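So you can see what is in the structure, the chains are spelled out below.
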Amino acid sequence: MATTNKVPNSKYMAGDIRNLINQAIQTELTNLPSTLADIKDPVQRLNFLTKLMPFVCAPIKQVGVITARRETGEDDIFSS
């Protein structure tokens, strides 16, 4: 019994799918002000904004004092 590995034929390539998703997201970002205006319930609006925040705001990470001093150059001041 010989088995053949068939590669599924797809209409789209990976780059095409990424481009289509990117276009869809850009369209939604353009429509974002009207989408927010359509949400009348304050709780739903807050939930929407809360779910969107991780994609817009940079995450905050906790940094130790020694690491912060090294990154800002203050470590040299205190070690002398």
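Counting from 1, residues in each chain are numbered in the order their sequence is written. Owing to the predicted nature of the model, reporting of local features is limited to residues with pLDDT of at least 70; listing and counting of side-chain atom pairs is limited to 80 or more, with chain, interface and lining totals taken over all residues. With hydrogens and water stripped out, all remaining heavy atoms of the structure feed into the side-chain values.

1. As for the overall build of the protein
- Looking only at helices and strands, the protein features five helices and zero strands.
- Numbering of helices and strands runs from the N terminus; a helix is a DSSP stretch of H or I covering at least four residues, while a strand is a stretch of E covering at least two. Each helix and strand of the protein, ordered N terminal to C terminal, gives the series α-α-α-α-α.
- Evaluated residue by residue, the protein yields a buried proportion of 2% over its 80 residues.
- In these tables, accessible area is a Shrake-Rupley quantity obtained with a 1.4 Å probe, and a residue counts as shielded only by the protein chains included in the view. A total accessible area of about 7900 Å² is found for the protein, and carbon and sulfur atoms account for 60% of it. Summary of the burial criterion: residues with accessible area below 20% of their type's maximum are buried, those above 50% are exposed, and those between are partly exposed, where the area comes from a 1.4 Å probe applied to protein chains only.

2. Side note on helix α4 (residues 65–72)
- The buried fraction of α4 is low, at zero of eight residues.
- Of the residues one or two after α4, G73 is the one with positive phi, at around 85°.

3. Focus on the layout of surface pockets
- Using a grid of 1 Å spacing that covers the protein atoms alone, one calls a set of points a cavity when a 1.4 Å probe fits there but cannot get out, and a pocket when the set is open and has protein on both sides within 12 Å along at least five of seven lines; lining residues are those with an atom within 4 Å of a point. Grid points are joined across faces, edges and corners, and a volume is the space filled by probe spheres set on the points. Of the volumes computed, that of the largest pocket is approximately 160 Å³.
- As for the largest pocket, its lining consists of I25, E28, L29, L32, T35, F48 and L52.
- At the level of secondary structure, the elements contributing two or more residues to the lining of the largest pocket comprise α1 (14–30), α2 (32–38) and α3 (42–56).
- Its residues placed into classes, the lining of the largest pocket shows five nonpolar, one polar and one charged. In this classification, the charged set is Asp, Glu, Lys and Arg, the nonpolar set is Ala, Val, Leu, Ile, Met, Phe, Trp, Tyr, Cys and Pro, and all remaining amino acids, among them Gly, are polar.

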